[in-house]
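# Summary of structural features
Each chain is listed here by its residues.
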Amino acid sequence: MNVEQRTVYLTESAQNTILGSLRTSVQHRLEQGGSLLACESQSPPLIVVAVPTGPNADQGYAHLETDAHYQNTAIAAIRRTFPNLTYVGDWHIHPMHLPFLSSTDMETAGKLLTETTPARSHVDLLLGTPGHNGDELLLGFRVSLMPRYGLWMEPLQLAVVPDDDAVVINRLKQSVPPLERLLNPGPTTTAAPVVIPPETSARIERDLQEVRSRLHAETKLQMLSCGTLAAHIVRGGHEVSVVFPPEYPMGAPLVLSGQLQSGPLTPIPLRYGWSSLHRLTDVVEEGLRAGDGDPPITWVHRLFRTRKRRLTCSSPTIQSSGGSL
Ligand SMILES: [Zn+2]
């Protein structure tokens, strides 16, 4: 069996985010975790940013539900600086010495591969945990979905590179700015003329074509006064509005269910870290259905009721249905 470890580059700042969280996790006995954004245009991939846990994550000693709204907002903000970064997996902390993925971690990875990022063949998971001697361990794992074997886990060799390393400059055309600046890139300038890249408008047109053919809905695309593209989608008596960010499809669309004229408009929360591999049709379908059922939950209530992804660690057993490592 080939036991050569795969290498993944990791920026120093991403490493520092995780190790900083490890220290506070151990201190407060709470798990932390978030999304990993990487540049995968060349091999080995370069993990650039570890998105912080977020203020509304549900944290415990041995469980964590990430704050999906915070994660999606942070990913969209970071992609304004680096549109070529992709969601590749998650990082999390075991506050007790557990230097391996739990069975629940593997279950979560399986869900990521089958539900959240079905077009990906693997996800990369980084795990921070204290060592035996008060030292800090940062471990990497790749979990793949093998057609005949199910989930397959292999350890990753992490090669930490400075934020201004040649590898970083080569791929990002600049060094990694401080995390604060990535998360708050400031308002986009409104003075410049708005240019929608042809690949963005082509993708939007393709996605709306799929909405028309699969959902049997009517669509109308228009440019808002701020230079943002938005679509109005109608099926029967139900309406959905979609606002496309400039970095779409890398950035998540804002999907609102409800009558555009009379309201109320209800945001449809995304259940996952959005990536260009996701399908607009799925979210629009949810929005059209939202008008079918129960009376609408109020706008504000629904906005803050973001669904969360589980990153739970209850059992410290390794479950790799693929075989021995
Ligand atoms: Zn875990």
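An account of the accompanying structure is given in this report.

About the criteria used
- Residues numbered from 1 in each chain as written.
- Predicted model: local features only at pLDDT ≥ 70, side-chain atom pairs only at ≥ 80, totals over all residues.
- Heavy atoms only, no water.
- Salt bridge = Lys/Arg side-chain N within 4 Å of Asp/Glu carboxyl O.
- Helix = DSSP H or I, 4+ residues; strand = E, 2+ residues; numbered from the N terminus.
- Buried < 20%, exposed > 50% of the residue type's maximum accessible area, 1.4 Å probe, protein only.
- Core = buried A, V, L, I, M, F, W, Y, C linked by side-chain atoms within 4.5 Å.
- Contact = heavy atoms within 4.5 Å.
- Pairing = 2+ DSSP bridges.
- Right-handed = clockwise from strand over helix to strand, strands pointing away.
- Axes fitted to C-alpha atoms, helices over the stretch in contact; angles between N-to-C directions.

### Some points on the pattern of salt bridges
Evaluated as defined, the whole model comprises nine salt bridges. Linking Arg279 and Asp282 is a salt bridge whose minimum nitrogen-to-oxygen distance equals 4.0 Å. Of the charged contacts, one joins Arg289 and Glu285 as a salt bridge, the two residues approaching to 3.4 Å between their closest N and O atoms. Remark: Glu285 and Arg289 occur in helix α7 (residues 280–290); sequence separation between them is four residues, near one turn of the helix. Its relative accessible area of 27% is what places Glu285 among the partly exposed residues. Members of the salt-bridge network, linked through shared partners, are Glu210, Arg279 and Asp282.

### Here we look at the nonpolar core
Ile78, Leu85, Leu101, Val143 and Leu172 are the most contacted members of the largest nonpolar core, which has 31 residues in total. Considering each element in turn, this core owes the most residues, four residues, to helix α3 (residues 103–116). Residue contacts for Ile78: discarding those within four places in its chain leaves Leu37, Val49, Val51, Leu85, Leu182 and Leu183. Val211, Leu215, Val255 and Leu288 belong to the second largest nonpolar core, which has 21 residues in total.

### Section: the pairing of strand β6 (residues 86–93)
For β6, the tally of buried residues reaches eight of eight residues, placing the bulk of the element in the interior. Across six bridges, the pairing between strand β2 (residues 33–39) and β6 is antiparallel. What sits directly across from Leu36, in β6, is Gly89. Bridge analysis of β6 against strand β7 (residues 122–130) gives five bridges, and the strand direction is parallel. When the sheet's bridge partners are listed, Ile93 is paired in β7 with Gly128. Each parallel crossover has a hand, and the one from β6 via α3 to β7 is right-handed.

### Concerning the sheet that holds β7
Across a sheet, paired strands are connected by hydrogen bonds in the backbone, their directions being either parallel or antiparallel. The strand order around the closed barrel built from seven strands is β1-β3-β2-β6-β7-β8-β9, with neighbouring strands paired in mixed fashion. Adjacent strand axes in the sheet meet at a mean angle of 35°, parallel and antiparallel pairs treated alike. As paired elements, strand β8 (residues 136–146) and strand β9 (residues 150–161) share seven bridges and run antiparallel to each other. Within the sheet, the bridge partner assigned to Met146 lies in β9 and is Gly150. In the packing of helix α2 (residues 68–81) onto the sheet, contacts are made with β2, β3 (46–50) and β6, and the angle to β2 comes to roughly 25°. Along the sheet face, α3 touches β6, β7, β8 and β9 and points at about 50° away from the line of β8.

### Digging into the sheet that holds strand β13 (residues 254–257)
One open sheet accounts for five strands, arranged β10-β11-β12-β13-β14; its pairing is antiparallel. Edge positions in the sheet fall to β10 (218–223) and β14 (266–267), since each of these pairs with one other strand and no more. By the bridge criterion, seven bridges tie strand β11 (residues 229–235) to strand β12 (residues 238–244) in an arrangement that is antiparallel. Following the sheet pairing, Ala231 is matched in β12 by Val242. Sheet strands in contact with α7 are β11, β12 and β13, and its direction is about 145° off that of β12.

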